[in-house]
Amino acid sequence: MAITDKIYLKNHRQIVSQLDTNIPKRVFSGATLEVLYSGEGLSKVDDATRDRLLDFAQDFMDCEDADDIYTGYPERKFIAYLLDLRAQGLGPDAIVDVMSDEYMVYAYPGDILSFLDDAVRTLESVESLAGVEKNREAETEARQARKDLVGPR
């Protein structure tokens, strides 16, 4: 299961009540994206919620081609956001706090930790394969990305 399947709306019950319709709790569910980010959906929620949801839409759903919304574009941008937060030195708990504050979404810290661990293992594999193929540029790039995720020891 991808990390984006484990990102949930904070205050889900309150938002559902304001919308007067039921939507999945998962942020990247097609139904959630459709209802929340339609003009009518956003007009029904309170100002604070609307501001956070608009920030989310601008940062993760603003793509050049509208059809990209359905090709995993928002999910890829969100994954890059999580990796960037980790590269800034934030741990799983702090990452959850930041994304909750910025976008009214949350995940469980254990899920974030698992995602980051998988990312490190993937980069180790890329680094090893690049070494076998004698692709020094890719090997160096993967090594640096892995070190950025692991952080100082």
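Residues numbered from 1 in each chain as written. Predicted model: local features only at pLDDT ≥ 70, side-chain atom pairs only at ≥ 80, totals over all residues. Heavy atoms only, no water.

Draft legend 1. Spatial organisation of the overall build of the protein chain. What the protein chain contains, in helices and strands, is eight helices and two strands. Secondary structure elements in the protein chain, listed N-terminal to C-terminal, are β-α-α-α-α-α-α-β-α-α. Dimensions of the protein chain along its principal axes, counting C-alpha atoms only, are 55 × 35 × 25 Å. Considering only contacts within the protein chain whose residues lie at least 6 apart along the sequence, 47% involve residues at least 24 apart. Of the charged side chains in the protein chain, 18 are positive and 30 negative; the average position of the first set lies 7 Å away from that of the second. (Helix = DSSP H or I, 4+ residues; strand = E, 2+ residues; numbered from the N terminus. Contact = heavy atoms within 4.5 Å. Lys, Arg positive; Asp, Glu negative; His and termini not counted. Charge placed at Lys NZ, Arg CZ, Asp CG, Glu CD.)

Draft legend 2. Molecular detail of helix H4 (residues 47-60). The end-to-end C-alpha distance of H4 is 20 Å, a good match for the 20 Å that 14 residues give at a rise of 1.5 Å each. Those residues of H4 that fall on the buried side of the exposure criterion are Thr-49, Leu-53, Phe-56, Ala-57 and Phe-60. Buried positions in H4, seen along its axis, are confined to an arc of 95° and lie on one side of it. What points out from H4, more than 90 degrees from its buried face, is the exposed set Asp-47 and Gln-58. Between the side-chain oxygen of the N-cap and the backbone nitrogen of Ala-48 there are 3.2 Å, and the N-cap of H4 in question is Asp-46. (Expected span 1.5 Å × (residues − 1). Buried < 20%, exposed > 50% of the residue type's maximum accessible area, 1.4 Å probe, protein only. Arc of directions from axis to C-beta. Polar contact = N/O pair within 3.5 Å; in protein donor to acceptor, adjacent residues only side chain to side chain.)

Draft legend 3. Expanded view of the packing of aromatic side chains. With the rule as written, the count across this model stands at 13 aromatic pairs. Their ring planes at 45° and their centres at 6.2 Å tell us that Phe-56 and Phe-78 sit as a pair that is tilted. With a gap of 22 residues between them, Phe-56 in helix H4 and Phe-78 in helix H5 (residues 73-87) connect regions that are remote in the sequence. When sorted by exposure, Phe-56 lands in the same class as Phe-78, which is buried. Both rings, one in Phe-60 and one in Tyr-103, keep their centres 5.1 Å apart while their planes meet at 70°; by these two values the pair is edge-to-face. Highlighted residues: Phe-60 in helix H4 and Tyr-103 in helix H6 (residues 92-103), separated in sequence by 43 residues. By relative accessible area, Tyr-103 is classed as buried at 5%. (Phe/Tyr/Trp six-rings, centres within 6.5 Å; stacked < 30°, edge-to-face > 60°.)

Draft legend 4. Quick peek at the pattern of salt bridges. In total, this model carries nine salt bridges according to the counting rule given. Note that Arg-50 and Asp-47 form a salt bridge whose closest N and O atoms lie 2.7 Å from each other. Placement of the pair is Arg-50 and Asp-47 together in helix H4, with a separation of three residues, close to one helical turn. Here Arg-50 falls in the partly exposed class, since its relative accessible area comes to 22%. The network of salt bridges with common partners includes Glu-127, Arg-136, Glu-139, Arg-143 and Arg-146. (Salt bridge = Lys/Arg side-chain N within 4 Å of Asp/Glu carboxyl O.)

Worth remembering: the numbers are spatial, not functional.
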